[in-house]
Structure formats: C-alpha cells, structure tokens
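Residues per chain are reported as follows:
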Amino acid sequence: MTDPRIELISSYIVDVADFPSPGVVFKDITPLLGCNEAYQACVEALVDLAPGDVDVVVGIEARGFVFAAPVALALGVGFVPVRKPGKLPRDVYSQSFDLEYGKDTLAIHQDAIHKGARVMIIDDVLATGGTVSATTKLIDRLGAEVVEIGIVLELGFLGGRAHLSSQGINNIHALITT
Ligand code: AMP
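Bear in mind the structure is a predicted one, so any value in this text is a computation, not a measurement.

J.: Whenever I open this one, the side chain of Asp124 confuses me. Can you help?
T.: Turning to its location among the elements, Asp124 is positioned in strand 7 (residues 118-126). For Asp124, a relative accessible area of 4% gives the class buried.

J.: Explain the packing of helix 1 (residues 4-11) against helix 3 (residues 36-49) here, please?
T.: Packed helices, taken two at a time, are described by the angle their axes make and the gap between the axes. Where helix 1 meets helix 3, the axes come as close as 9 Å, and the angle between the chain directions of the two elements is 130 degrees. The pairing of helix 1 with helix 3 is recorded here as oblique in orientation. For the pair helix 1 and helix 3, the crossing hand works out as left-handed. Contacts between helix 1 and helix 3 involve Arg5, Leu8 and Ile9 from the former and Glu37, Ala38, Ala41, Cys42, Glu44, Ala45 and Asp48 from the latter.

J.: Sorry, what's going on with the packing of aromatic side chains here?
T.: The geometry of two aromatic rings is summed up by the distance between their centres and the angle between their planes. If you walk through the whole model with that rule in mind, you get 3 aromatic pairs. Relative to Phe26, the ring of Phe19 has its centre 5.2 Å away and its plane inclined at 85 degrees; by these criteria the two rings are edge-to-face. We classify Phe19 as partly exposed; its relative accessible area is 43%.

J.: How do you make sense of the nonpolar core when you look at a structure like this?
T.: What tends to happen in soluble globular proteins is that the nonpolar side chains get buried as a cluster. In terms of nonpolar packing, the biggest core is built from 28 residues, with Ile9, Ile13, Cys42, Leu46, Val57, Phe67 and Ile122 touching the most fellow members. If you list the elements that add at least two residues to this core, you get helix 3, helix 4 (63-75), strand 7, strand 8 (145-154) and strand 9 (172-177). The leading source of residues in this core is helix 3, at 7 residues. The residues contacting Ile13, other than those within four sequence positions of it, are Lys27, Asp28, Ile29, Leu32, Val152, Leu153 and Ile176.

J.: How do you make sense of the pairing of strand 8 when you look at a structure like this?
T.: Put simply, side chains in a regular strand alternate between the two faces of the sheet. For strand 8, a buried count of 9 out of 10 residues is recorded, marking the element as mostly surrounded by other parts of the structure. Across 8 bridges, the pairing between strand 7 and strand 8 is parallel. Each residue of the ladder has a partner; that of Ile122, found in strand 8, is Gly150. Crossover handedness for the path strand 7 to helix 5 (residues 130-141) to strand 8: right-handed. The sheet contact formed by strand 8 and strand 9 spans 5 bridges and is parallel.

Each value, and the rule that gives it
Residues numbered from 1 in each chain as written. Predicted model: local features only at pLDDT ≥ 70, side-chain atom pairs only at ≥ 80, totals over all residues. Heavy atoms only, no water. Helix = DSSP H or I, 4+ residues; strand = E, 2+ residues; numbered from the N terminus. Buried < 20%, exposed > 50% of the residue type's maximum accessible area, 1.4 Å probe, protein only. Axes fitted to C-alpha atoms, helices over the stretch in contact; angles between N-to-C directions. Parallel < 35°, antiparallel > 145°, perpendicular 65-115°, else oblique. Left-handed = near helix turned anticlockwise from the far one by under 90°. Contact = heavy atoms within 4.5 Å. Phe/Tyr/Trp six-rings, centres within 6.5 Å; stacked < 30°, edge-to-face > 60°. Core = buried A, V, L, I, M, F, W, Y, C linked by side-chain atoms within 4.5 Å. Pairing = 2+ DSSP bridges. Right-handed = clockwise from strand over helix to strand, strands pointing away.

So this is what it looks like as structure tokens:
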C-alpha cells in the first residue's frame, strides 16, 4: 500500500522550467515548507527512514537544513551543517564536486562529528549525486560512518543513485523518485 504522505508531499513540490539555467527543471520545495501538514508529513517520513541508532543528522546547505534540523530534533540527536565555502568560522575540511548545473565546494567543521559516530545525511533533491558524494567524503574524513541517506526527491533520470553505488554508497532512500 502506498504511503498517503507521499502523495501529499509530491503535490506541494512545484516544477520550475529553465531555472536556474535553460534545460534545468528546478524542484521548488518552498510550497511544501509553507504547508504545515505537508512539511510535517515530510519530516515524519524522513524520520521513519532513520535506523534506530543514529548519533547525528547532517544537513546540506541550504535546503537540506530545513529538513535535517527537524529530523535531528525528532530523533533526539544533534544537527551538523555541511556548508558552502567561507561560511563556517573554525577549521574545516573541504570537498569540491560537479553539480547538475556547475561546480561547487562543501565544508564541515573538523570537530563537528566524533570518530565512529553513526550519521544520517539529509538533503532535498538527489540529482547527479555529486553533493551527497562530497558530503560522504567529508564524513569519512572525520572517521564517522554514514548509515543512512534520506532524500525528499530523487531525479532518477540523472543517475545519481548509480553514481553513488559505484562509490560503494548504497544506503540511500528517497521519499519520491521521478
Ligand atoms: P547533485 O549534486 O547533482 O545530486 O545535486 C543535488 C543538490 O543540488 C541538492 O542539494 C539540490 O538542492 C540541488 N539540486 C540539483 N538539481 C536540482 C533540481 N533540479 N531542483 C532542485 N534542486 C536541485
């Protein structure tokens, strides 16, 4: 039986053609955030993906934050931000990667997560997988373990899952796959 929450969540994600550049269909999650029922359903569905023994939830700037932080609170664990360059004030590890539309770098505080911690990564959209791959590398560098990757919406046709799988990253679950 399909989860009725998924239909509700899907109905509040809006396709925006040619944003931020021609040919890209941008998945706008702001209507979802603006509807309490849909936002809550989304956070609860992400919480349901968490294995029992997660130590920390990592959110990816910026849209990942709005899902990861409430999931961390619901799980009773800490939230760690992975951010764009120049945003974190103390010593960081950085990782560059290719995006669906461009290139980017992500950073994490060197002392953000303790060695051996069990980490759940959360982001809004899985496209080519570069963002999640870079985040996984940052967590590896801290000596922690990625036990679950929770995504709101996966763009299946971009092959992000296969790209991640080729790097040995398989524990990915998306609420919605298009
Ligand atoms: P990727 O690294 O290619 O998997 O891209 C994932 C990241 O880029 C996520 O953090 C998304 O927020 C953003 N992103 C990529 N493509 C889209 C899209 N079509 N609509 C909305 N966000 C996107």
